[in-house]
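Here is what each chain is made of, one letter per residue.
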Amino acid sequence: MTFGPLVTTDWLAREGNTADLVLFDASTYLPNEGKNGREEYLRAHIPGARFFDIDAFSDPDTPLPHTLPSQGRFARLAGAEGVGNDTRVVVYDQKGLFSAARAWWLFRYFGHQNVAVLDGGLPKWLAEQRATETGEPAAAQERSFQVNVHARKVRGLGDVLEAIERDDTLILDARAANRFDGSTAEARPGVASGHIPGSQNLPYSRLLRSDHTLQPAETLRTLFSAAGVDGNKPVITSCGSGVTAAVLLLGMEVAGLPEGALYDGSWTEWGSRADTPKATGVV
């Protein structure tokens, strides 16, 4: 039986100690933020949580940040953290909702449906004065994890080039407006400013309420509709490096919209190449 895509802090407080559940802190930070997800995890995390290293759960043989790992790598790393095919997985992050959705999407891409995001993440947990712990967790009991890739959930550079040429797919960019319109520099060296021509901007932060939880489904549908998501045109989400693009996909699922796909290289790949068209300004 599947659950998710969201669980509440009350639910986690009740269910967190059950044997079939693995909880992950999947925090990561932008290069210019000066923070490290694992170090912050060691300082304070929800009791029982393990650290989901997004950089480890990625392809080590590409210069792009945290792109999809191989099937074997994901299976090995997930199993080593105690995740089997019958395990319920809950992911959260230290910002509320930033990188947890990337971990959620990774599990879904590799065929694991029993995965959910903690709505509001660590900030909501702390605001409710719930307990935390420090340091490394106990060693996990290794499990066998078999992958079942859902290739439709991801798109590559060639797919996006074809999509903008045909103009039959909506490219939805989750970055902040000033990054999308090119009025501010990108954090990564060598990456141009701007956006994919023809794409629309829906900053992932607009999907969140003040307590870092996702907006209700009706509000999400309104936000997506204003950005051109009407359920008729396929959607490819993008961002800086494939992290907050997953927040848009999570929001689409909560809103009851057709499933989208994630451009894994996102703007880091697109903006660092000389052979890709780029646009600036407000759409």
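Definitions and limits used
- Residues numbered from 1 in each chain as written.
- Predicted model: local features only at pLDDT ≥ 70, side-chain atom pairs only at ≥ 80, totals over all residues.
- Heavy atoms only, no water.
- Pairing = 2+ DSSP bridges.
- Helix = DSSP H or I, 4+ residues; strand = E, 2+ residues; numbered from the N terminus.
- Right-handed = clockwise from strand over helix to strand, strands pointing away.
- Axes fitted to C-alpha atoms, helices over the stretch in contact; angles between N-to-C directions.
- Parallel < 35°, antiparallel > 145°, perpendicular 65-115°, else oblique.
- Contact = heavy atoms within 4.5 Å.
- UniProt positions renumbered as here; feature names shortened; annotations may be inferred.
- Polar contact = N/O pair within 3.5 Å; in protein donor to acceptor, adjacent residues only side chain to side chain.

A. Region of the structure containing the sheet that holds strand β9 (residues 235-238). The strand order across the open sheet built from five strands is β6-β10-β9-β7-β8, with neighbouring strands paired in parallel fashion. The open sheet has two edge strands with one neighbour each: β6 (154-155) and β8 (200-201). Across two bridges, β9 lies against strand β10 (residues 261-263) in parallel orientation. Within β10, the position partnered with T237 by the bridge is L262.

B. Quick look at the pairing of strand β5 (residues 115-118). Two elements, strand β1 (residues 6-7) and β5, share two bridges in a ladder whose sense is parallel. Bridged to L6 within β5 is V117. For strand β4 (residues 88-92) and β5, the ladder comprises three bridges, and the chain directions are parallel. Note on β5: the bridge partner recorded for V89 is V115. Handedness of the crossover joining β4 and β5 through helix α4 (residues 100-109) is recorded here as right-handed.

C. Structural detail: the packing of α4 against helix α9 (residues 245-254). For the pair α4 and α9, the least separation of the axes is 8 Å and the interaxial angle reads 70°. Viewed along their axes, α4 and α9 adopt a mutual orientation that is roughly perpendicular. Seen from α4, the contacting residues are A101, R102, W104, W105 and R108; seen from α9, they are A246, V247, L249, L250 and E253.

D. Just the UniProt feature "domain: Rhodanese" (unreviewed entry) in the chain, in detail. Summarizing the sequence annotation, UniProt attributes the feature "domain: Rhodanese" (unreviewed entry) to residues 17-134 and 165-279 in the numbering used throughout. Annotated as 29% helix and 14% strand, the span residues 17-134 places its first and last C-alpha atoms 17 Å apart. In the segment residues 165-279, helix accounts for 29% and strand for 11%; the C-alpha atoms at its two ends are 14 Å apart.

E. Expanded view of the side chain of T169. If you trace the backbone, T169 turns up in the loop between α6 (157-166) and β7 (170-173). For T169, the side chain forms a polar contact with the side chain of D168, separated by 3.1 Å. When sequence neighbours within four positions are dropped, the list of residues in contact with T169 reads A163, K233, P234, V235 and I236.

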